[in-house]
Amino acid sequence: MTDHLAKEATPRVLIVGGGISGLATAWGLRHGSQVTLIESDQRLGGKIATTALRGHPLDLGADAFIVRNPAALELCHELGLAEALIEPSTKGAGLYARRELHPLPTGLNFGVPTDRRALWRSRTVGIFGLLSTLRDRFAISPALSRAALSELREGTKDPTIAEIFGPRLGGNVLATLIDPLVGGINAGDVQRLSLFATMPQIAEQIAGRRSLMRALRRERVEAAGVGSIFRGIDVGMMGLVTALTEALHHAGVALETGECATKIERRTEGGFRVTTTKSVYDCERLVLATPAFVSEKLLAPLSPVLAHELADIPYASVATLSMSFPASAIPPFVATDLVDLIEWRDDPATAPPEERRLPGSGVLIARSAGYLTTAASFTSTKWPRSSAPDEVVIRASVGRHGDDRIADLDDDELTQRVREELTSILGIHDAPLEVIIQRWPDSFPQYVSGHLARVQRIERLASEIGVDLVGAAYSGIGIPSCIARAHRIAQQILTDE
């Protein structure tokens, strides 16, 4: 051991990375193994982070999780957080397209329209965009056959979202509705994103059906009336990390922060030796809960081929700007243009300033607008605990894969640019009362076409050297998907004991 190393430890399992994936893996192993988790940052949680804006909780990363995948919901119940779970206070969203604000058409399923009348009433795509969807109505064969679905599952074929939906619904619908929603969630581009890796449930629903819109409309009807599919936490999403961290401490899991892994070696007697900036760990099992590009550098000496596959997973950089404004700064036309999303339908302009809330959960911005801002979330409407009654909070999201303009802007320039765009979109001219900027460089792995086959190769190569990989880079970027993969890996480790 070199002089700068503080200690040597011999956990049964070492987990590198203290985001939700690493923490969930430790939770799955808490009763069956001696576990140590190390994190290079001074705090745990990774891209889950909560701060305060003018004395109210503000999530800097994800502000909710989806419950269709039950993994996160189940974990919250295991941690005693059932009473802390809250639902968004609003449904529906707006869209800025064709230089106007519009309510999103009703009946959308992951951005895919299922009701032509609602699409026409929304005025989001115009007459030619509407007519393009007739190709789907009169199609004589499925856009995705059941045989092709099997090939998608195996990774032998991997069409992009655009390749499936573009020819049936037209480029206008693709760019104006599907890309802002699906591309926005993934900070990516539907021209490159894999359909099955990004939207597996949609692929399953449309397989073998002649009409995409009809197939997805039936699924929406069956899902109607179940309430919100999202849950947040009353004190912010960091409440999940705090509860999980405390539970792991009580379970005897060692959690070390400010400790960065620098080298991984095989031990002649089996297992691995991991050198960090503070310590040396000899472990029987090693779990990397780090971004693919970090895992690539650590694993290159053990498997150059595996490292090459990990390096081929692209990442997008994004940032959020959370801004507080007086409610009086919101012009009446915003409520008027998004009238389908608000309760005071008769005359929104007469609502007093303290009730002139931003309607809906936010506004998506079509790529065709050319703006840096990809979405404006109405945080204080979505989560009323985020602001005082006479203030509103807007969280602007900027950046996506292929658009690195934010890297060239300092915080003042970025704020000015986003304020100008919000003026154009929402008519807000007032200076914000406070601004919080959070940059997330290389934070969104991109599930481009070929991702599933690449992950299969990565998992095979990782298995050959005895390393386990968890995180957003592999089988889902959302919190529930990360937790589900972590639990699966933990169960594999316990089974192998």
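Structure report, in brief. Remember, it's a predicted structure, so these values are computed and weren't measured experimentally.

**What to know about the environment of Pro384**
Next, step 1: Along the chain, Pro384 turns up in the loop between α16 (379-382) and β19 (391-398).
Next, step 2: Here the alpha-carbon distance between Pro384 and Pro88, two residues 296 residues apart in the chain, equals 8.8 Å.

**What to know about the packing of helix α1 (residues 20-29) against helix α19 (residues 479-496)**
Next, step 1: As a packed pair, α1 and α19 sit with axes 8 Å apart at the nearest point and diverge in direction by 40 degrees. By the angle class used here, α1 and α19 are oblique. Our pair here, α1 against α19, has a crossing hand that is right-handed. The residues of α19 that touch α1, namely those facing Ile20, Ser21, Ala24, Thr25, Trp27, Gly28 and Leu29, are Ile479, Cys482, Ile483, Ala486, His487, Ala490, Gln491, Ile493 and Leu494.
Next, step 2: Classifying every residue of the contact of α1 with α19 gives 11 nonpolar, five polar and no charged.

**Side note on the side chain of Ser322**
Next, step 1: Residue placement: Ser322 occurs in strand β16 (residues 315-326).
Next, step 2: On the accessibility criterion, Ser322 (0% relative accessible area) is buried.

**Remarks on the sheet that holds strand β2 (residues 13-16)**
Next, step 1: Judged by pairing direction, the sheet is parallel, and its five strands sit side by side in the order β11-β3-β2-β15-β21 without closing on themselves. Two strands bound the open sheet, and with one partner strand each, they are β11 (254-257) and β21 (467-469). Between one strand axis and the next, the sheet turns by 20 degrees as a mean value, whatever way the strands run.
Next, step 2: Relative to strand β15 (residues 285-288), β2 runs parallel, the two sharing four bridges. Residue Leu14 lies in a different strand from β15, and its bridge partner there is Leu286.

**Some words on the packing of α1 against helix α12 (residues 238-250)**
Packed helix pairs are specified by the crossing angle of their axes together with the interaxial distance, meaning the distance between the axes.
Next, step 1: It is at 10 Å that the axes of α1 and α12 come closest, and there the two elements cross at 35 degrees. In the packing of α1 onto α12, the handedness of the crossing is left-handed. Within the contact between the two elements, α1 uses Ile20, Leu23, Ala24, Ala26 and Trp27 and α12 uses Leu240, Val241, Leu244, Thr245, Ala247 and Leu248.
Next, step 2: Its residues assigned to classes, the contact of α1 with α12 shows 10 nonpolar, one polar and no charged.

**Digging into the pairing of strand β9 (residues 100-103)**
Next, step 1: Two strands pair when backbone bridges link them, and strand β8 (residues 94-97) and β9 are joined in this way by four bridges, in the antiparallel orientation. Along β9, the bridge assignment pairs Leu95 with His102.
Next, step 2: Remark: two residues form the turn of the hairpin made by β8 and β9, two consecutive strands paired antiparallel; Arg98 in that turn has positive phi of roughly 55 degrees.

**Observations concerning the side chain of Ser377**
Next, step 1: You can see Ser377 is positioned in strand β18 (residues 373-378).
Next, step 2: Ignoring sequence-local partners within four residues, the contact set of Ser377 consists of Ser361, Gly362, Lys382, Val393, Ile394 and Arg395.

**Topic: the sheet that holds strand β6 (residues 65-66)**
Next, step 1: Spatial ordering of the open sheet is given by β6-β10-β7, a layout of three strands whose pairing is antiparallel. Across the chains shown, the open sheet's two edge strands, defined by having one partner strand only, are β6 and β7 (85-86).
Next, step 2: Pairing geometry for β7 and strand β10 (residues 230-233), over two bridges, is antiparallel. Of the residues in β10, the one forming a bridge with Leu85 is Ile233.

**Regarding a positive patch on the surface**
Next, step 1: Taken together, the side chains of Arg137, Arg210, Arg214 and Arg217 make up a positively charged region of the molecular surface.
Next, step 2: Take Arg137: it is sitting in helix α5 (residues 134-137).

**Here we look at the packing of aromatic side chains**
Next, step 1: In the structure shown here, the tally under the stated rule is two aromatic pairs.
Next, step 2: When the ring of Tyr96 is compared with that of Tyr371, the centres are 5.8 Å apart and the planes differ by 20 degrees; the resulting orientation is stacked. A residue pair is termed long-range when its members are at least 10 positions apart, and Tyr96 in strand β8 and Tyr371 in the loop between β17 (362-365) and β18 qualify at 275 residues.
Next, step 3: Looking at Tyr96, the relative accessible area reads 6%, which means it is buried.

**With respect to a nonpolar patch on the surface**
Next, step 1: A surface patch of nonpolar side chains, about 460 Å² in accessible area, is lined by Trp120, Ile127, Phe128 and Leu131.
Next, step 2: In terms of residue count, the dominant contributor to the nonpolar patch is helix α4 (residues 126-132) (three residues).
Next, step 3: Summarising the element assignment, Ile127 is placed in helix α4.

**Re the environment of Ser228**
Next, step 1: Within the secondary structure layout, Ser228 lies in the loop between α11 (212-223) and β10.
Next, step 2: On the basis of relative accessible area, Ser228 is assigned to the buried category, the value being 11%.
Next, step 3: Sequence separation between Ser228 and Leu181 is 47 residues, and the spatial gap between their C-alpha atoms is 17 Å.
Next, step 4: Among residues more than four places away in sequence, those in contact with Ser228 are Val67, Glu87, Pro88 and Lys91.
Next, step 5: Within polar-contact distance, the side chain of Ser228 engages the backbone nitrogen of Phe230 at 3.0 Å.

**Regarding unusual backbone geometry**
Next, step 1: Located in the positive-phi region is Arg54, a residue other than glycine, with phi close to 50 degrees.
Next, step 2: With a phi close to 60 degrees, Arg123 is a non-glycine residue in the positive phi region.
Next, step 3: Along the chain, Arg123 falls in the loop between α3 (116-122) and α4.

Conventions used here
What you see as residue numbers is a count from 1 along each chain, following the sequence as written. Under the rules for a predicted model, residues below a pLDDT of 70 receive no local features and side-chain atom pairs below 80 are neither given nor counted, while totals for whole chains, interfaces and linings still include all residues. For the side-chain quantities, the full set of heavy atoms in the structure was used; hydrogens and water were omitted. Each helix is a run of DSSP H or I of at least 4 residues and each strand a run of E of at least 2, with the numbering of both proceeding from the N terminus. Every axis in this analysis is a line fitted to C-alpha atoms, fitted for helices over the stretch in contact. Angles between the N-to-C directions lie between 0 and 180 degrees. Any angle that falls under 35 degrees is termed roughly parallel, while one over 145 is termed roughly antiparallel, one within 65 to 115 roughly perpendicular, and all others oblique. By definition, turning the near helix anticlockwise from the far helix through less than a right angle yields a left-handed crossing, and turning it clockwise yields a right-handed one. Contacts are residue-level and defined by heavy atoms, with any inter-residue pair within 4.5 Å sufficient. Each residue is assigned to one of three groups, with Ala, Val, Leu, Ile, Met, Phe, Trp, Tyr, Cys and Pro labelled nonpolar, Asp, Glu, Lys and Arg labelled charged, and all others, Gly among them, labelled polar. Any residue under 20% of the maximum accessible area for its type is buried, any over 50% is exposed, and the rest in between are partly exposed; the area is computed with a 1.4 Å probe on protein chains only. Two strands form a pair only when DSSP identifies at least two bridges running between them. Within this analysis, patches are made of residues with over 30% relative accessible area and no salt bridge. Like charges are joined at 9 Å or less; nonpolar side chains (Val, Leu, Ile, Met, Phe, Trp, Tyr) at 5 Å or less. For the area figures, the Shrake-Rupley method with a 1.4 Å probe applies, and any residue is considered shielded solely by the protein chains shown. Between Lys or Arg on one side and Asp or Glu on the other, a salt bridge is scored when a side-chain nitrogen of the former is within 4 Å of a carboxyl oxygen of the latter. Charged residues are defined here as Lys and Arg on the positive side and Asp and Glu on the negative side; His and the ends of the chain fall outside this count. By convention, the point assigned to a charge is CZ for Arg, NZ for Lys, CD for Glu and CG for Asp. Pairs were defined over the aromatic rings of Phe, Tyr and Trp, the Trp ring being its six-membered one, requiring ring centres within 6.5 Å. Orientation was assigned from the angle between planes: stacked under 30 degrees, edge-to-face over 60, tilted for the rest. Whenever two N or O atoms come within 3.5 Å, that pair is a polar contact, provided that in protein one can donate a hydrogen and the other can accept it, and provided that, for residues adjacent in sequence, both atoms are side-chain atoms.

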